[in-house]
Amino acid sequence: MTVGKDVSALFPDVVNCMQTDNLELKKLVYLYLMNYAKSQPDMAIMAVNTFVKDCEDPNPLIRALAVRTMGCIRVDKITEYLCEPLRKCLKDEDPYVRKTAAVCVAKLHDINAQLVEDQGFLDTLKDLISDSNPMVVANAVAALSEIAESHPSSNLLDLNPQSINKLLTALNECTEWGQIFILDCLANYTPKDDREAQSICERVTPRLSHANSAVVLSAVKVLMKFMEMLSKDLDYYGTLLKKLAPPLVTLLSAEPELQYVALRNINLIVQKRPEILKHEMKVFFVKYNDPIYVKLEKLDIMIRLASQANIAQVLAELKEYATEVDVDFVRKAVRAIGRCAIKVEQSAERCVSTLLDLIQTKVNYVVQEAIVVIKDIFRKYPNKYESVIATLCENLDSLDEPEARAAMIWIVGEYAERIDNADELLESFLEGFHDESTQVQLQLLTAIVKLFLKKPTETQELVQQVLSLATQDSDNPDLRDRGYIYWRLLSTDPVAAKEVVLAEKPLISEETDLIEPTLLDELICYIGTLASVYHKPPSAFVEGGRGVVHKSLPPRTASSESTESPETAPAGAPSGEQPDVIPTQGDLLGDLLNLDLGPPVSGPPLATTSVQMGAVDLLGGGLDSLMGDEPEGIGGPNFVAPPAAAVPANLGASMGSGLSDLFDLTSGVGTLSGSYVVPKAVWLPAMKAKGLEISGTFTRQVGSISMDLQLTNKALQVMTDFAIQFNRNSFGLAPAAPLQVHAPLSPNQTVEISLPLNTVGSVMKMEPLNNLQVAVKNNIDVFYFSTLYPLHILFVEDGKMEAVSSRLQGSNIFTVAKRNVEAQDMLYQSLKLTNGIWVLAELRIQPGNPSFTVRLPAPALPALGCLLPCAGQPLLPSLLPRAGVSLMGALAQLGWGPSEPDVNEHQNSEPSFQLSPIRLPR
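Because the structure is predicted, anything quoted here is derived from the model rather than measured.

A. Expanded view of the overall build of the protein. Within the protein, the secondary structure is distributed over 37 helices and 14 strands. A buried classification covers 51% of the 922 residues belonging to the protein. Counting only contacts in the protein whose residues sit at least 6 apart along the sequence, the fraction spanning at least 24 positions is 65%. Carbon and sulfur atoms form 51% of the exposed surface of the protein, whose accessible area is close to 42000 Å².

B. View of the side chain of T100. Examined against the element boundaries, T100 turns out to sit in helix α8 (residues 95-111). For T100, a relative accessible area of 7% gives the class buried. With near-sequence residues (within four places) excluded, T100 lies in contact with A64, V67, R68 and N139.

C. Spatial organisation of helix α20 (residues 327-343). The terminal C-alpha atoms of α20, which comprises 17 residues, lie 24 Å apart, in line with the 24 Å expected from a rise of 1.5 Å per residue. By the burial criterion, the buried members of α20 are F329, V330, R331, A333, V334, A336, I337, G338, C340, A341 and I342. Check the buried side of α20 and you find it contacts α18 (292-305), α19 (311-321), α21 (348-359) and α22 (364-380). By the N-cap criterion, in which a side-chain oxygen at the helix start approaches the backbone nitrogen of a residue two or three places on, α20 is capped by D326, the distance to D328 being 3.2 Å.

D. View of the pairing of strand β2 (residues 692-701). When you tally the buried positions in β2, you get nine out of 10 residues, the bulk of the element. Pairing between strand β1 (residues 681-684) and β2: three bridges, direction antiparallel. When the bridges of β2 are listed, A681 appears paired with G696. Strand direction decides the pairing type here: β2 and strand β3 (residues 704-713), joined by 10 bridges, are antiparallel. Note that in β3 the partner of G696 across the bridge is L709. Count of turn residues in the β2/β3 antiparallel hairpin: two residues, of which V702 carries a positive phi of about 50°.

E. Representation of the sheet that holds strand β4 (residues 723-726) in the model. Across the sheet, three strands lie side by side as β4-β7-β8; this open sheet has antiparallel pairing. Two strands lie at the open edges of the sheet, namely β4 and β8 (782-788), each paired on one side alone. Averaged over all pairs of adjacent strands, the angle between strand axes in this sheet comes to 25°, irrespective of strand direction. Here four bridges tie β4 to strand β7 (residues 771-777), and the two strands are oriented antiparallel to one another. By the bridge assignment for β7, F726 is matched with V774.

F. Expanded view of unusual backbone geometry. The omega torsion across E767 and P768 is -5°, close enough to zero to call that bond cis. With respect to the secondary-structure elements, P768 resides in the loop between β6 (750-758) and β7. Even without being a glycine, K362 presents a positive backbone phi close to 65°. Its location among the elements puts K362 in the loop between α21 and α22. Here the phi dihedral of N748 falls at roughly 70°; this positive angle occurs in a residue that is not glycine. Relative to the elements of secondary structure, N748 occurs in the loop between β5 (734-735) and β6.

G. Geometry of a negative patch on the surface. A cluster of acidic residues, E424, E427, E431 and E461, forms a negative patch at the surface. For E427, the position within the fold is in helix α25 (residues 422-430). Judged by its relative accessible area of 40%, E427 is partly exposed.

H. Region of the structure containing the nonpolar core. Counting 199 residues, the largest nonpolar core has L33 and F378 as its most contacted members. At 10 residues, helix α26 (residues 438-454) tops the list of elements feeding residues into this core. Looking at this core, you find at least three residues from each of domain 1 (1-158) and domain 2 (401-492). When neighbours within four sequence positions are excluded, F378 is seen to be in contact with Y385, E386, V388, I389, L392, W410, I411 and Y415.

Parameters and conventions
Residues numbered from 1 in each chain as written. Predicted model: local features only at pLDDT ≥ 70, side-chain atom pairs only at ≥ 80, totals over all residues. Heavy atoms only, no water. Helix = DSSP H or I, 4+ residues; strand = E, 2+ residues; numbered from the N terminus. Buried < 20%, exposed > 50% of the residue type's maximum accessible area, 1.4 Å probe, protein only. Contact = heavy atoms within 4.5 Å. Areas by Shrake-Rupley, 256 points an atom, 1.4 Å probe, with all protein chains shown as cover. Expected span 1.5 Å × (residues − 1). Polar contact = N/O pair within 3.5 Å; in protein donor to acceptor, adjacent residues only side chain to side chain. Pairing = 2+ DSSP bridges. Axes fitted to C-alpha atoms, helices over the stretch in contact; angles between N-to-C directions. Patch = residues over 30% accessible without salt bridge, like charges linked within 9 Å, V, L, I, M, F, W, Y side chains within 5 Å. Salt bridge = Lys/Arg side-chain N within 4 Å of Asp/Glu carboxyl O. Lys, Arg positive; Asp, Glu negative; His and termini not counted. Charge placed at Lys NZ, Arg CZ, Asp CG, Glu CD. Core = buried A, V, L, I, M, F, W, Y, C linked by side-chain atoms within 4.5 Å. Domains from an automatic or database assignment.

Here's what the structure looks like:
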């Protein structure tokens, strides 16, 4: 049987031998039954009575042997007869029998899941987690974990702090494989807070010193997962980092196969937390007798650990590796030098010098790899190292690999204006155009078009030749299509062709070779498994749904997030410490870092929020002194918000007598005839957001405020999972809906989004008043920026008091009255902010004089800190370009612009400003 001979004919005779008392013979009989029961199901039923009898044998070894064999006989006919013996063994007095029976439940569940559930074996299995014997606990956990993997929706392993404590107690006394089962189970648990996570880490840490590498990796997996919940400011966090390094280093002293598995796992750990091994660079230096697969993996980790502190040491090693005899290893070493130049900017010059030294060796494959990586260095640091192009061109004839030829062609085309004989160099490649690979052909086509756009008079024949070769003589559809696109661009609109072909290149950084963050988090949860060796999730290589469960790291707790940036100020910081208008990421208020970047909760309709901030007096003195001495005027402490779509009839009566004879607050509501929209500006440049560029503006249409965003991906990886949140601000602006980016944002793709806003958010006075701090999250990181919103988007439609000028009314600025005083026309203007605050202004116009004067009552000046500066300063120095158009913007639309303040008039009254006509762009 064990040598491949079919002895199934002996089945009846072997079954008769089951009655023997000889333990060794009984083992052989049971082994025979496991092999042939499936081929002889009818005769296998003869063994049921013996199984039942053996399960009650006084010898625990025989009882365990019987229950183990029952679990391995995969015959449906006899399964139901085995339930009663299994139930007895699960409650056996001997722990060896119980632990064997626990595994048998998992095997029986694989045969007939419904039967196991009906018989209550799963509940019994859960009870075994509380068993006094650690091996029984370990096997019960292993069985439940296996069943849970095949049924992900079932909550079999209902872990809680009490059961976790039992597992941690059993961890110290288990065998090595029992420890692995328990550690894997712990890795699936999410602690309720950082204190519980630290407690579990403290009890798991001793497993790092275990002799079995599987136990070490399982312990590392648990610690890496729970470290997500620990604050980096904790002393224990730093201690844990130091404790993780030695066991990982020890794994590299094993045989090569184990080294490779350890290195693949270390590669993931270094990408997630490079600080763990930042002082262990020498461990990853290559040994002469390492297999090639170990050498290449060590090289990859060396690059990931490279920093300004150790770059000299790393470059010396890499230069030495480039002289090895193994061609694949040498190629990887040369590419590693280029990656170091891209990663550590301070070392770029030294790396380029090292690459030039390698080019001088004239070793063919070294030269070609060096040219490929120098092309990437040119993209990372444009206009910095182009002096080496002459050296590269000297080796043009020795290039025979497609990637190296394509890189050299790219360099010649990109810097054609600096190479005198660029046309001759590219023409030399064109002679054997049809013999080149597709990669070289595409690059050559683009390079010659670039050359033509830079030197059109000298290269017209060359570009016609390459376009003809690409479109008429080529069978490659990609090459042909690109040729036709270039041809039509050049023939119809050369300016557009220049913008397309000579466009700004996407960013290149050391992060382009990293594993995507979401995938990396999932792979960290699979440390010590095949997924961590393949660097692929289980769903990529496991067929079917069994055993494939998507895992992710636990979310950071609020306490750990709030301490991430100690330089941020708390929400209740003194008002004297005002934030900058455009702060850096570290300068944003602390409560912005604590924002939940999930979908925002939709608030009530905008109409109900017009005066919700009555208790927050953004004007300092309010409008009480402006509108009379009545303490319960607009903005007063006792003001109650009116219901939606209604204006209280007695609102005018509470205004006091100061202006009640002039204004009729209960008159009709103004209509919107097209509010001014500020042109979009770049709020977050790609350099500060890892390739994500955000431009935008604010609009108000038919009572609704919107933030119109333009998201551009200038990185080399796809961006997903977008979310947005605002910090507390002066008028409670907040997103009214989640940030909807319906498809992944591919490299070089731009998407336009209109984000509806409301004014129901938290309120805090900002400096300046219209400063808005924003956090945007995607799958790469969270990014912060600050912008100024134009105040006219807060002007509500019911701010009208009487008939108005249509132009001013378009921005919700309404004319109250018109009078003629001393041969001057006096226009009284009103506007109302979303928080219910009214603003009044006086325009003085003299016939025949192209200038006019704006006067504001003194108590209203603090409210318009963003609209009008104090007297004696230039009017609106940055309002039009930075904050859009409000009151002055609407006047500018009428053709009036700023001039010097009128300080001759009203020297003893409120400040006034004079405006003169300006010419606005169409």
